[in-house]
Amino acid sequence: MKKLMKLYQFDLAPASKRVTFFLKETGIEVPIVQLNVRDGDQFEEPFNSLNPFHCIPFLELADGTTISESVAICRFLEETNNTSKKLFGKTSKERAIIEMWNRRLEIDGYIPLMNGMRNKFERYKGKVLPGTRNDLPQVPAIAKRGIESCQILFERLNGHLNTTSYVAGEALSIADLTGYVVVQLAIAIEMNFDEFEEVKAWHEKLDRRFKLDG
Ligand SMILES: N[C@@H](CCC(=O)N[C@@H](CS)C(=O)NCC(=O)O)C(=O)O
């Protein structure tokens, strides 16, 4: 029997939110299965074998191939669905600028803050690296450095957002979805970014947009 494509998600997780907003923006529909990664569903079969990285989101294709990493999933869905909205850009220049910002937001914001969260809060004890369960110790300095990295990112982003409606130009892109999640992580890790007025205004604009979309 031919299998159906399935997207494995945990709605509360930042990485899943990025894919959820992408699906809302593009109107692409994929059957979704919720895995509770807090309870360890990802270590149970068949999910354990389907995705050796033991993280959500991941996409199971009809031929059995697994694609993990939220940006890889979104890119694949955009390329294989004929949607008018292109969150990865339409021209070579647009695609390069979107990728540039998306990578900076991930490298300087998403990854340092995600590591920071896992090294700061008691609930991540035994889970300091995503998709693992072990006794690696939590290192508070990693949380401090994560906030410092994001502070520098927000300084740069704040100046940039003075000149443009969205991160990579006048249209919303995958980089905005990454950036939105970075701000959510900054709030969750209790980082003070009150001085970055443009970042706050852009985040509020996105927040209204995603909330209005339901
Ligand atoms: N870079 C990955 C991050 C995936 C990731 O870290 N997922 C987390 C939730 S945000 C997870 O599944 N964690 C499960 C665990 O640590 O056990 C992506 O964007 O897809």
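Caption draft 1: Here's a closer look at the packing of helix H1 (residues 14-26) against helix H6 (residues 174-188). Contact geometry of H1 with H6 gives a least axis separation of 10 Å together with a crossing angle of 145°. As for how H1 packs across H6, the hand of that crossing is right-handed. Every residue of H6 that contacts H1 at Pro14, Lys17, Arg18, Phe21 and Phe22 is listed here: Ile174, Leu177, Thr178, Val181, Gln184 and Leu185. Each residue belonging to the contact of H1 with H6 can be placed in one class, and the counts come to seven nonpolar, two polar and two charged.

Caption draft 2: Inspection of the nonpolar core at higher detail. With 47 residues, the main nonpolar core has Ile56, Cys74, Leu113, Ile174, Val182 and Leu185 as its most contacted residues. Mapped by element, the contributors of at least two residues to this core are strand E1 (6-9), H1, strand E3 (58-60), helix H3 (70-80), helix H4 (92-120), helix H5 (140-161), H6 and helix H7 (197-212). No other element matches the nine residues that H6 contributes to this core. Looking at which domains feed residues into this core, each of domain 1 (6-79) and domain 2 (92-213) gives three or more. Once residues within four sequence positions are removed from consideration, Ile56 is found in contact with Tyr8, Gln9, Phe10, Ala13, Ala15, Ser16, Leu35, Val37 and Gln42.

Caption draft 3: View of the pairing of E1. For E1 and E3, the ladder comprises three bridges, and the chain directions are antiparallel. If you follow Tyr8 over to E3, its bridge partner there is Phe58. Bridging between E1 and strand E2 (residues 32-34) involves three bridges; their strand directions are parallel. Directly across from Gln9, in E2, lies its bridge partner Gln34.

Caption draft 4: Broad picture of unusual backbone geometry. For the bond running from Glu45 to Pro46, omega is 5°, close enough to zero to count as cis. Among the secondary structure elements, Pro46 is positioned in the loop between E2 and helix H2 (47-50). Look at the link from Ile56 to Pro57: it is a cis peptide, with omega at 0°. Examined against the element boundaries, Pro57 turns out to sit in the loop between H2 and E3. Positive phi is not limited to glycine here, since Glu69 has a value of about 80°. Locating Glu69 in the fold gives a position in the loop between strand E4 (66-68) and H3. We note that Glu190 has phi near 65°; this positive angle belongs to a residue other than glycine. Tracing the backbone shows Glu190 in the loop between H6 and H7. Note on Glu190: 11 C-beta atoms within 10 Å, which makes it exposed.

Caption draft 5: Spatial organisation of the site of the ligand. Around the ligand there are 13 residues in total, and Ala13, Ala15, Cys55, Ser70 and Pro130 lie nearest to it. Of the residues contributing to the shell around the ligand, the split by class is eight nonpolar, three polar and two charged.

Caption draft 6: Quick look at the domain arrangement of the protein. Entries for the protein in the domain assignment read domain 1 (6-79) and domain 2 (92-213). Each of domain 1 and domain 2 has a C-alpha centre, and these two points are 20 Å apart. Counting residues at the interface gives twelve residues for domain 1 and twelve residues for domain 2. Counting residues per element, the ones that place at least two in the side of domain 1 that touches domain 2 are H1 and H3. Class assignment for the residues of the side of domain 1 that touches domain 2 results in seven nonpolar, one polar and four charged.

Caption draft 7: Region of interest: the environment of Gly146. Structurally, Gly146 is set in helix H5. In this structure, the C-alpha to C-alpha distance between Gly146 and Pro112, residues 34 residues apart in sequence, is 4.2 Å. When residues no more than four places from it in sequence are discounted, the contact partners of Gly146 are Pro112, Leu113, Asn115 and Gly116.

Calculation notes
- Residues numbered from 1 in each chain as written.
- Predicted model: local features only at pLDDT ≥ 70, side-chain atom pairs only at ≥ 80, totals over all residues.
- Axes fitted to C-alpha atoms, helices over the stretch in contact; angles between N-to-C directions.
- Helix = DSSP H or I, 4+ residues; strand = E, 2+ residues; numbered from the N terminus.
- Left-handed = near helix turned anticlockwise from the far one by under 90°.
- Contact = placed C-beta atoms within 7 Å.
- Nonpolar A, V, L, I, M, F, W, Y, C, P; charged D, E, K, R; others polar.
- Core = buried A, V, L, I, M, F, W, Y, C linked by C-beta atoms within 7 Å.
- Buried ≥ 20, exposed ≤ 12 C-beta atoms within 10 Å, placed from the backbone.
- Domains from an automatic or database assignment.
- Pairing = 2+ DSSP bridges.
- Near = placed C-beta within 6 Å.

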